[in-house]
Structure formats: structure tokens, C-alpha cells
Amino acid sequence: AVVSTQSTGNILIAHWILVNTLYNYILSIIIHPGKSKGAGPSKCRTCRTNRPERSHHCRQCGFCVLMMDHHCMWINNCIGYYNYGYFMRACAYVLIGAMYGTLALWPELLAYTDGESVMFNIPDIPNICFGAWCLSFATSVGFAILNLWYLSLVTSGMTSIEYKQLRAWKGAVSPYNRGWKANLAYAYGVKGGRWKRLLWPCYYIPYNYWTE
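Residues numbered from 1 in each chain as written. Predicted model: local features only at pLDDT ≥ 70, side-chain atom pairs only at ≥ 80, totals over all residues. Heavy atoms only, no water.

Enquirer: Whenever I open this one, the overall build of the protein chain confuses me. Can you help?
Expert: Looking only at helices and strands, one finds 6 helices and 6 strands in the protein chain. The helix and strand sequence of the protein chain, counted from the amino end, reads α-β-β-β-β-β-β-α-α-α-α-α. Buried residues in the protein chain amount to 42% of all 212 residues. Of the contacts made within the protein chain by residues no fewer than 6 positions apart, 55% connect residues no fewer than 24 positions apart. Here the protein chain has roughly 12,500 Å² of accessible surface; of this, 65% comes from carbon and sulfur atoms. (Helix = DSSP H or I, 4+ residues; strand = E, 2+ residues; numbered from the N terminus. Buried < 20%, exposed > 50% of the residue type's maximum accessible area, 1.4 Å probe, protein only. Contact = heavy atoms within 4.5 Å. Areas by Shrake-Rupley, 256 points an atom, 1.4 Å probe, with all protein chains shown as cover.)

Encoded structure:
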């Protein structure tokens with residue numbers, strides 16, 4: 001079968017999304033979230049050592065994590081100061097990929113009863129296309145909710161742990177809130193408004209939340 005221009009474009013876009021997703025996902029796994037070195041204004045009851053602000057003890061990791069958000073079972077690692085941006089980017093690219101898959105497979109869904117693939121002209125795969133579309137749609141919904149949740153935290157200058165802590169005080173504002181634009185730049189590792197760099201795999205440089 002001859003691969004059409006539309007199919008080639010879909011393949012290129014899919015690989016672009018895949019590369020960015022895997023890059024950020026893998027780095028969120030292998031990059032250490034950051035360990036407290038025993039200095040700071042607060043003291044951990046478990047480690048019995050001092051730690052910086054925004055640090056919390058992780059039972060799974062066994063140490064105090066800098067700017068800990070949560071321990072993620074999907075990467076078997078904590079989300080903290082040094083890998084927070086990779087986690088946020090990975091979540092964003094999974095959502096982009098799932099939404100793109102949902103839209104790209106829509107013609108296949110319409111051709112479900114025809115027994116013929118519209119995109120690749122391959123017969124007898126309607127069930128596979130229907131299953132793939134359902135998976136893409138479900139993933140889109142799930143990661144849309146996840147990304148919106150984290151965007152609400154980021155724009156307010158909070159981690160998920162800090163949200164739980166501040167929720168007890170109604171109207172409380174995070175002392176690390178620098179405004180929603182600066183907060184987003186901090187979370188995704190963007191300096192000088194260079195948002196285009198996120199279109200490609202790029203290194204995440206965390207901001208110093210305590211001084212900047």
C-alpha cells in the first residue's frame with residue numbers, strides 16, 4: 001500500500017510526541033529529586049536532622065526530599081526539586097499524544113463498520129482501531145484532569161503536599177507564589193520566556209524557589 005502524505009504527517013507528529021514523552025518520562029525516573037543535606041530551619045521527626053523549607057520526608061525513599069510533591073508509583077521515584085519539570089512535561093506530552101491519537105483515529109472510528117482502515121488502507125482492523133480510539137480517549141480525559149489539577153497548583157505556587165497543608169487555613173496563600181506566569185516558568189524550567197524550547201527535548205534547570 002502506498003503511504004499517503006497524511007499518513008506520513010501523522011507518523012512524524014506521533015514520533016515527535018513519542019520522543020518528547022519518553023525523554024521527559026525517563027529523566028523523571030533517573031534524575032534524583034533532591035535530598036536534604038541536613039541544613040534548614042525545620043527538623044524532620046523521622047530523620048532527626050534539619051531540612052530546608054518545602055522539604056518533606058518520603059517513607060518509600062527513606063529521606064527528606066527537596067520541594068517534595070509526591071512519591072509517584074509510575075516512576076518509582078519522588079517528584080521533587082530536580083525532576084519536577086520533567087514530570088510536568090511528561091504529563092503534558094502524554095495528554096498531547098492521547099488527544100492527537102483521539103483525533104487521528106476518529107476517521108477509523110467512523111469506518112468501524114466498514115472493515116477498512118481509512119488512514120493506512122489496511123483491511124480487517126476495525127476492532128483494533130476502535131480499541132485504540134477508546135484507549136486514547138480515556139487517556140485524554142484522565143490526563144486532562146491530572147494536568148488541570150497540577151496547573152491549578154503550579155499557578156498558585158504550591159505542591160500537592162503544600163495544598164493539603166494550606167487547605168486547613170481557608171484563604172491562605174502560598175509564600176512561594178510569584179504570580180501565575182512566573183510560577184509556570186519555574187515549574188517547566190523556562191527562562192526569559194523561551195517557551196519554544198519545550199517543543200524539543202531539553203534540560204530542566206530548576207529555579208531557586210527560596211531566593212528567586
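Enquirer: Mind showing me how you'd approach empty space enclosed by the protein here?
Expert: Empty space among the atoms becomes visible once a probe the size of a water molecule is rolled across them. Summed over all chains, the structure comprises 2 cavities of 30 Å³ or more. Counted as a void, the second largest cavity has a volume near 30 Å³. Mapped by element, the contributors of at least two residues to the lining of the second largest cavity are helix H1 (5-30) and helix H2 (84-104). (1 Å grid on protein atoms, 1.4 Å probe; cavity = no way out; pocket = protein on both sides within 12 Å on 5 of 7 lines; lining within 4 Å. Points joined across faces, edges and corners; volume = space filled by probe spheres on them.)

Enquirer: Please explain the state of the cysteines as it appears in this structure.
Expert: Formally, a disulfide is one covalent bond, and it connects the sulfur atom of one cysteine to the sulfur atom of another. All chains considered together, the criterion is met by 0 disulfides. The thiol of Cys64 is unpaired, and the distance to the nearest cysteine sulfur, on Cys44, comes to 3.4 Å. There is no disulfide at Cys78, and the cysteine sulfur nearest it, in Cys58, is 3.2 Å away. (Disulfide = S-S within 2.5 Å.)

Enquirer: Just checking my understanding: could you explain unusual backbone geometry for this structure?
Expert: Excluding glycine, a negative phi dihedral is what most residues carry, and trans is how most peptide bonds are arranged. Unlike most non-glycine residues, Arg54 shows phi in positive territory, near 75 degrees. Positionally, Arg54 belongs in the loop between strand S2 (50-51) and strand S3 (56-58). Positive phi, normally seen in glycine, also occurs at Asn76, with a value near 50 degrees. As for its position among the elements, Asn76 is in the loop between strand S5 (70-72) and strand S6 (77-79). We classify Asn76 as exposed; its relative accessible area is 63%.

Enquirer: Hey, could you run me through the pattern of salt bridges in this one?
Expert: If charged atoms from side chains of opposite charge come close, those side chains can pair. Overall, the coordinates contain 1 salt bridge when judged by the stated rule. A salt bridge links Glu162 to Arg54; the nearest nitrogen and oxygen atoms lie 2.7 Å apart. Of this pair, Glu162 sits in helix H5 (residues 160-167) while Arg54 sits in the loop between S2 and S3, and the two are 108 residues apart along the sequence. Accessibility assignment for this pair places Glu162 and Arg54 in one class, buried. (Salt bridge = Lys/Arg side-chain N within 4 Å of Asp/Glu carboxyl O.)

Enquirer: What is the right way to look at a nonpolar patch on the surface in this model?
Expert: A cluster of nonpolar side chains, Leu18, Leu22, Tyr25, Ile26, Ile29, Ile30, Met73 and Trp74, forms an exposed patch at the surface whose accessible area comes to about 860 Å². With a relative accessible area of 33%, Tyr25 lands in the partly exposed category. (Patch = residues over 30% accessible without salt bridge, like charges linked within 9 Å, V, L, I, M, F, W, Y side chains within 5 Å.)

Enquirer: Looking at this structure, I do not really get the nonpolar core. What am I missing?
Expert: One recurring pattern in soluble globular proteins: nonpolar side chains tend to sit buried together. One finds Ile79, Tyr84, Phe87, Met88, Tyr150, Val154 and Tyr188 to be the most contacted residues of the largest nonpolar core, which totals 25 residues. Mapped onto this core, the elements with two or more residues apiece are H2, helix H4 (126-155) and helix H6 (180-188). In terms of residue count, the dominant contributor to this core is H2 (5 residues). Ranked by size, the runner-up nonpolar core spans 6 residues in total, among them Cys58, Phe63, Met68 and Cys78. (Core = buried A, V, L, I, M, F, W, Y, C linked by side-chain atoms within 4.5 Å.)

Scope: geometric values only; no functional claims are made or implied.
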